[in-house]
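Geometric and topological summary
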Amino acid sequence: FITPTVAMDHTRYELKNTLPGSQTDPARTIPIASLDAGLFLERNMKNSNRIQTIEPRLLYVHIPQRNQDNLPIFDTITPDINLVQLFRKNRYLGIDRIGDTDHISVGITTRILDLSTGHELMSATIGQTRYLSDRTVNLPNRTMASNETSDYIAQLRIQLFKNVNFNFGHQWGAGIEGTTKSEARLQYRPANNKVLNLSYRFRRDSLEQGDLSWSWPITNRWNFVGRYNFSLRDQEVLEQFFGLEYESCCWGLRIVSRRHISTRDGIHDSSFGLQLVLKGMTSVGTAADKLLERGILGYSADIR
């Protein structure tokens, strides 16, 4: 596929309670040109009911410089680079800034698919962005990046066994910069109500964590849930919770005990939550299901 695109982005604000002398209706108009191209190649693998694909992709984007210093900042941020951001045209998230750029993003993905089920058995991607000119549009009080290339981004997803999946993401710079971010996760999920996760996260000069979480039935009506999140960098538990769930035909109960760091100063907070669920009607007490959904990847709140 080859997809050339020309667009015009116009933004106008109507502001109140501005500082004296400030514009109440600043506006910005920017043309955006891009060319997105790629291929989908596939082949049958020998002696198996599987196919392998190779999917190279290239995105060229040109956005000219426009002074946007008079525009407010409401919700715009500079996102972490990832495989989605690699092929976005704006290097910011939010409409308050559209970054001037002249860059090419290149990536290649390969997959192995099971023809009988349609399941993806393996997926691997690597990509990078190369900047052809300097960038000038920036967020307030931020240092403008001057590097000619982005970090390399790589991601691997593989089904090791029938119910075991492994995910790995890695970001690294050229030369001596080394690893910027890395994350690995192993998940065992033999059924919808059974899940066990083990993960590792690293961000240079910021964090290094191990994480264990699970949701596992111990009887037909009782389920054991928990999470243990540990900082290898600080040698300290960041969050841990353990709980039990009970379910009958008409009602359910969740009991969760939690201890976590609640402030930047490292102060711990302990809590005990109790949630009564009346199926088809409402729930009373602590929203323990939200905590479990956030802390346990793949958790299913079966109590309705």
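So, here's what we can say about the structure. Please read all numbers here as calculations on a predicted model, not as lab measurements.

This part takes up the overall build of the chain. When its secondary structure is counted, the chain shows 2 helices and 16 strands. Here the C-alpha atoms of the chain give a radius of gyration of 24 Å, more than 25% beyond the 19 Å that 2.2 N^0.38 yields for 304 residues. Counting every position in the chain, which comprises 304 residues, the buried fraction comes to 35%. Sequence separation of at least 24 residues holds for 46% of the intrachain contacts in the chain that already meet a minimum separation of 6. Of the roughly 18400 Å² of accessible surface on the chain, 55% is carried by carbon and sulfur atoms. In the chain, the 36 positive side-chain charges and the 32 negative ones have mean positions that sit 5 Å from each other.

Next up on the list: the packing of aromatic side chains. Applying the stated criterion across every chain yields a total of 9 aromatic pairs. On the basis of an interplanar angle of 25° and a centroid distance of 6.0 Å, the ring pair of Tyr188 and Trp216 is categorised as stacked. Placement of Tyr188 in strand β9 (residues 179–191) and of Trp216 in strand β11 (residues 207–217) is noted, with a sequence separation of 28 residues between them. Take Trp216: its relative accessible area is 29%, and that puts it in the partly exposed class. Geometrically, the ring pair formed by Trp222 and Tyr246 is tilted, given 5.0 Å between the ring centres and 55° between the ring planes. With Trp222 in strand β12 (residues 222–231) and Tyr246 in strand β13 (residues 236–247), this residue pair connects regions lying 24 residues apart in the sequence. You can call Trp222 partly exposed: its relative accessible area is 34%. Here the aromatic residues Trp214, Phe224 and Phe242 are joined through ring pairs into a cluster of three or more. Of note, Arg57 hangs over the ring of Phe87, and the distance from its end group to the ring centre comes to 4.3 Å. Positioned over the ring face of Tyr131 is Arg135, at 3.8 Å from the centre of the ring.

All right, on to the environment of Leu291 then. Looking at where Leu291 falls in the secondary structure, it is placed in helix α2 (residues 288–295). Distance from Leu291 to Phe241, taken between C-alpha atoms, is 9.4 Å for residues 50 residues apart in sequence. Setting aside anything within four residues of it in sequence, one finds Leu291 in contact with Glu239, Phe241, Val256 and Arg258.

Attention shifts here to the pairing of strand β6 (residues 120–131). Pairing between strand β5 (residues 101–114) and β6: 11 bridges, direction antiparallel. Note that in β6 the partner of Gly107 across the bridge is Gly127. Counting the residues between successive antiparallel strands, the hairpin from β5 to β6 contains 5 residues, one of them, Gly118, with a positive phi of roughly 80°. Relative to strand β7 (residues 152–161), β6 is paired through 6 bridges, and the arrangement is antiparallel. Note that in β7 the partner of Thr125 across the bridge is Gln155.

Another aspect to go through is the layout of surface pockets. Estimated volume of the largest pocket: approximately 890 Å³. Around the largest pocket, the lining is made up of 33 residues, and of these Thr78, Ile81, Tyr131, Ala145 and Asn147 lie nearest the centre. Of all elements in the fold, only α1 (83–86), β5, β6 and β9 reach the threshold of two or more residues within the lining of the largest pocket. Space inside the second largest pocket adds up to approximately 470 Å³. Together, 21 residues line the second largest pocket, and Gln155, Gly169, His170, Lys181 and Glu183 are the ones closest to its centre. Counting residues per element, the ones that place at least two in the lining of the second largest pocket are β7, β8 (164–172), β9 and β10 (194–203). The class makeup of the residues in the lining of the second largest pocket is 8 nonpolar, 7 polar and 6 charged.

This brings us to the pattern of salt bridges. Taken as a whole and assessed by the stated rule, the structure comprises 16 salt bridges. For Arg201, the salt bridge goes to Asp211, with nearest N and O atoms at 3.4 Å. One end of the pair, Arg201, is in strand β10; the other, Asp211, is in strand β11, and 10 residues separate them in sequence. By relative accessible area, Asp211 is classed as buried at 7%. A salt bridge links Glu245 to Arg254; the shortest N-O distance between them is 2.7 Å. Residue classification places Arg254 among the buried residues on the basis of a relative accessible area of 1%. Salt bridges linked by common partners bring Arg201, Asp211, Arg227, Glu239, Arg258 and Arg294 together as one network.

Calculation criteria
The residue numbering used here restarts from 1 in each chain and proceeds along that chain's sequence as written. This being a predicted model, a pLDDT of at least 70 is required before a residue's local features are given, and a value of 80 or more before pairs of side-chain atoms are given or counted; all residues contribute to the totals for chains, interfaces and linings. With hydrogens and water stripped out, all remaining heavy atoms of the structure feed into the side-chain values. A run of DSSP states H or I qualifies as a helix once it reaches four residues; a run of E qualifies as a strand once it reaches two. Both are numbered from the N-terminal end. Here the globule rule is a power law, 2.2 Å times the number of residues to the power 0.38, and the radius of gyration is based on C-alpha atoms. Buried means the residue's accessible area, taken with a 1.4 Å probe over protein chains only, is under 20% of the maximum for its type, while exposed means over 50%, and partly exposed covers the values in between. Any two residues whose heavy atoms approach within 4.5 Å are treated as being in contact. All accessibility values rest on the Shrake-Rupley procedure with a 1.4 Å probe; residue burial counts only the protein chains present in the view. Charge convention: Lys and Arg are scored as positive, Asp and Glu as negative, and His as well as the terminal groups of each chain are ignored. Charge coordinates come from a single atom per side chain, which is NZ of Lys, CZ of Arg, CG of Asp or CD of Glu. Put simply, two rings from Phe, Tyr or Trp (the six-membered ring, in Trp's case) pair if the centres are within 6.5 Å, and we call them stacked under 30 degrees between planes, edge-to-face over 60, tilted for the rest. Both a distance and an angle decide whether a charge sits over a ring: NZ of Lys or CZ of Arg must be within 6 Å of the ring centre and within 35 degrees of the ring normal. The pairing criterion for strands is at least two bridges between them, as found by DSSP. With a 1 Å grid spanning the protein atoms alone, the term cavity applies to any set of points in which a 1.4 Å probe fits but cannot get out, the term pocket to an open set with protein on both sides within 12 Å along at least five of seven lines, and the term lining residue to any residue with an atom within 4 Å of a point. Grid points are joined across faces, edges and corners, and a volume is the space filled by probe spheres set on the points. Note on residue classes: Ala, Val, Leu, Ile, Met, Phe, Trp, Tyr, Cys and Pro are nonpolar, Asp, Glu, Lys and Arg are charged, and everything else, Gly too, is polar. Whenever Lys or Arg places a side-chain nitrogen within 4 Å of a carboxyl oxygen from Asp or Glu, that contact is recorded as a salt bridge.

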